[in-house]
Amino acid sequence: RRCEAPLAVVRRSVRGAGRRIRRAAGGVKMKWVTRSHVHVDRVACPWLISRFIDSEAEFLFVPKNQVESITHDQEAIPFDVPGVELGHHGDGCSFDAIMQKYELKDPALVRLAKIVNAADTDRLENDAIAAGLEAVATGYSVRFPDDLENLSHQFAVYDALYAWCRLQTAGSGA
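Just so you know, these numbers come straight off a predicted model, no measurement behind them.

J.: Mind showing me how you'd approach the overall build of the protein here?
T.: A count of helical and extended segments in the protein gives seven helices and three strands. Listing the helices and strands of the protein from first to last along the sequence gives α-β-α-β-α-β-α-α-α-α. With 174 residues in all, the protein has 49% of them scored as buried. A separation threshold of at least 6 residues defines the contact pool for the protein, and within that pool the share at least 24 residues apart is 71%. For the protein, the accessible surface area stands at approximately 8,400 Å², while carbon and sulfur atoms represent 51% of it.

J.: Looking at this structure, how should I read the pairing of strand S2 (residues 58-62)?
T.: Working note: regular strand, side chains alternate between the two faces of the sheet. Taking burial as the measure, the five residues of S2 include five buried ones, the bulk of the element. Neither face of S2 is exposed, since Glu58, Leu60 and Val62 on one face and Phe59 and Phe61 on the opposite face are all buried. As paired elements, strand S1 (residues 31-35) and S2 share five bridges and run parallel to each other. Residue pairing across strands places arginine 35 opposite valine 62, the latter belonging to S2. Of the crossover connections in this fold, the one passing from S1 over helix H2 (residues 40-52) to the parallel S2 is right-handed.

J.: How do you make sense of the pattern of salt bridges when you look at a structure like this?
T.: Any two side chains of opposite charge can pair, given that their charged atoms come close. According to the stated counting rule, one finds six salt bridges in the structure shown. The partner of arginine 35 in a salt bridge is aspartate 80, and the shortest N-O contact between them spans 3.2 Å. On the criterion of sequence distance, the pair formed by arginine 35 in strand S1 and aspartate 80 in the loop between strand S3 (77-78) and helix H4 (94-101) is long-range, its members being 45 residues apart. The buried category is assigned to aspartate 80, whose relative accessible area is 5%. As a salt-bridge pair, aspartate 159 and arginine 51 come within 2.8 Å of each other at their nearest N and O atoms. One end of the pair, aspartate 159, is in helix H7 (residues 147-170); the other, arginine 51, is in helix H2, and 108 residues separate them in sequence. According to the relative accessible area criterion, arginine 51 is buried, its value standing at 8%.

J.: Mind showing me how you'd approach the sheet that holds S2 here?
T.: Strand pairing in a sheet is mediated by backbone hydrogen bonds. Such pairs are either parallel or antiparallel. Read across the open sheet, the three strands follow the order S2-S1-S3; overall the sheet is parallel. The open sheet is flanked by S2 and S3, the only strands paired with a single partner. Relative to S3, S1 runs parallel, the two being bridged by two bridges. Opposite valine 33, over in S3, you have proline 78 as the bridge partner. Against the sheet, H2 engages S1 and S2, with an angle of about 165 degrees to S2.

J.: Help me understand the nonpolar core in this model?
T.: Considering soluble globular proteins, one finds that nonpolar side chains tend to be buried as a cluster. The biggest cluster of nonpolar side chains holds 42 residues, and the ones touching the most others in it are Trp32, Trp47, Leu48, Phe95, Leu109, Leu112 and Val116. Those elements giving two or more residues to this core turn out to be H2, S2, H4, helix H5 (107-120), helix H6 (130-143) and H7. Setting aside residues no more than four positions away along its own chain, leucine 109 makes contact with Trp47, Leu48, Phe52, Phe95, Met99, Leu104 and Tyr162. Listed in part, the eight residues of the second largest apolar core include Leu60, Val62, Val67 and Ile70.

J.: What am I meant to see in the packing of aromatic side chains here?
T.: Each aromatic ring pair is characterised by the separation of its centres together with the angle its planes make. The final tally for this structure, using the stated rule, is eight aromatic pairs. Aromatic side chains tryptophan 32 and tyrosine 102 sit 6.2 Å apart centroid to centroid with 55 degrees between the ring planes, which places their arrangement in the tilted category. Residue tryptophan 32 is found in strand S1, and its partner tyrosine 102 is found in the loop between H4 and H5; the two are separated by 70 residues along the sequence. There is no split in this pair, since tryptophan 32 and tyrosine 102 are both buried.

So, how was this worked out
Residues numbered from 1 in each chain as written. Predicted model: local features only at pLDDT ≥ 70, side-chain atom pairs only at ≥ 80, totals over all residues. Heavy atoms only, no water. Helix = DSSP H or I, 4+ residues; strand = E, 2+ residues; numbered from the N terminus. Buried < 20%, exposed > 50% of the residue type's maximum accessible area, 1.4 Å probe, protein only. Contact = heavy atoms within 4.5 Å. Areas by Shrake-Rupley, 256 points an atom, 1.4 Å probe, with all protein chains shown as cover. Pairing = 2+ DSSP bridges. Right-handed = clockwise from strand over helix to strand, strands pointing away. Salt bridge = Lys/Arg side-chain N within 4 Å of Asp/Glu carboxyl O. Axes fitted to C-alpha atoms, helices over the stretch in contact; angles between N-to-C directions. Core = buried A, V, L, I, M, F, W, Y, C linked by side-chain atoms within 4.5 Å. Phe/Tyr/Trp six-rings, centres within 6.5 Å; stacked < 30°, edge-to-face > 60°.

That is the geometry; function is a separate question.
Structure (structure tokens):
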């Protein structure tokens, strides 16, 4: 089932490992909003946010035509939506924009960002792993059409891919 339901239905949190916690002013957990029907960037970004920015972040997945009103009404941070700060710019995807804004420079995350970018921007030839990530994202979308359920399953994929990226960058001095 797709997340076309009222906001109350999709207003659940996806909790991360909390390696790093940055909070909005006043220490309140951050709310993030994007379009429903998650795919590569709209899974990778919540993973990145949960793992490295705010382990208690709340994610709202709404129809595209509701993102702007929810952003305002819920004081949420929009991502992976056309025309927002944390969206696609030039050759960069939303994952890249979040990495830049929050100054995430871990070499393994930089490596993961290259994979995510190539998979999300349909430039699969830019990274050998990207086609696999795209295939996994498509498969999870078929198996778990509910956005939050999809995230709950795919986060393990990103945890594993990040672990692989850590191994790849550990010996390179990156």
